[in-house]
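# Residue-level structural notes
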Amino acid sequence: MDENVHVIERYERAWIVFGLGMIAVFIVLIGYLMIANRGTIPISAGRVDATQVRSAGDFANPRVEQVGNEYVVYVQAFAFGYLPTEIRVKAGRKVTFNITSPDAQHGFQIERTNINPQVIPGEVVQVSHVFRTPGEYRIICNEYCGIGHANMVSKIIVEP
Ligand SMILES: [Cu+2]
């Protein structure tokens, strides 16, 4: 037989089929999780002028707003912190975060949750989460943003 011809052996074929099968399983699982945890997937909630973030519009007044049984939070992620400095919500209710930055790129990872969007100047990113367990949740910046990056933290207080 020609030495340059590669023959797929029986076990090699079985291994390839198994590997592709596993990838198919992962894709189905990802599809299921995308539907089950829709809110954790960051979506764009519009654009803003990054130079105006501190002076005009929703983000000049960072706050927690109660809308019916839910919360809408407007967050300014800046170098090096988050506004409002304290976010207080009740457990078991949907919290929708709208976040933007007036300067550089930041992260908004809420520890012990799946919330982990990237915050880009000029864009409003939206994620939502229902905090089931009361307590304190730390927010950390996980996108390098300058000398104060490592100390860029905040917190969410979830009341029972
Ligand atoms: Cu940052």
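Residues numbered from 1 in each chain as written. Predicted model: local features only at pLDDT ≥ 70, side-chain atom pairs only at ≥ 80, totals over all residues. Heavy atoms only, no water.

We now examine the overall build of the chain. Across its full length, the chain carries one helix and 12 strands. Starting at the N terminus and walking to the C terminus, you meet the elements of the chain as α-β-β-β-β-β-β-β-β-β-β-β-β. By the compact-globule yardstick of 15 Å for 160 residues, the chain is too spread out, its C-alpha radius of gyration being 22 Å. Principal axes of the C-alpha set define a box for the chain whose edges measure 75 × 35 × 30 Å. Within the span of the chain, comprising 160 residues, buried residues form 34% of the whole. Of the contacts formed within the chain by residues at least 6 apart in sequence, a portion of 60% connects residues at least 24 apart. For the chain, the exposed area adds up to about 9900 Å²; of that, 57% sits on carbon and sulfur atoms. Put simply, the chain has 14 plus and 15 minus side-chain charges, and the middle of one group is 11 Å from the middle of the other. (Helix = DSSP H or I, 4+ residues; strand = E, 2+ residues; numbered from the N terminus. Rg over C-alpha atoms; globule rule 2.2 N^0.38 Å. Buried < 20%, exposed > 50% of the residue type's maximum accessible area, 1.4 Å probe, protein only. Contact = heavy atoms within 4.5 Å. Areas by Shrake-Rupley, 256 points an atom, 1.4 Å probe, with all protein chains shown as cover. Lys, Arg positive; Asp, Glu negative; His and termini not counted. Charge placed at Lys NZ, Arg CZ, Asp CG, Glu CD.)

Examined against the element boundaries, Ile156 turns out to sit in strand 12 (residues 153-159). Remark: the alpha-carbon pair of Ile156 and Pro84, spanning 72 residues in sequence, is separated by 10 Å. Not counting chain neighbours up to four residues away, the residues in contact with Ile156 comprise Ile87, Val89, Phe97, Ile110, Phe131, Gly135, Glu136, Tyr137 and Ile139.

Turning next to the environment of Arg10. Following the sequence through the fold, Arg10 ends up in helix 1 (residues 10-36). With relative accessibility at 63%, the residue Arg10 sits in the exposed group. Distance in space between the C-alpha atoms of Arg10 and Gln76 is 58 Å, their sequence separation being 66 residues.

Scanning the model with the defined rule gives five aromatic pairs in all. On the basis of an interplanar angle of 25° and a centroid distance of 5.6 Å, the ring pair of Trp15 and Phe18 is categorised as stacked. Residue Trp15 and its partner Phe18 are located together in helix 1, separated by three residues, close to a single helical turn. The exposed category is assigned to Trp15, whose relative accessible area is 61%. (Phe/Tyr/Trp six-rings, centres within 6.5 Å; stacked < 30°, edge-to-face > 60°.)

Within this structure, the stated rule accounts for eight salt bridges. A salt bridge links Arg54 to Asp103, with the nearest nitrogen and oxygen atoms 3.7 Å apart. Linking Arg54 in the loop between strand 1 (43-47) and strand 2 (63-67) with Asp103 in the loop between strand 6 (94-100) and strand 7 (106-107), this pair joins segments that are 49 residues apart in sequence. Classification of Asp103 by relative accessible area gives partly exposed; the value is 29%. Here the residues in one salt-bridge network are Glu86, Arg88, Lys90 and Glu159, joined through shared partners. (Salt bridge = Lys/Arg side-chain N within 4 Å of Asp/Glu carboxyl O.)

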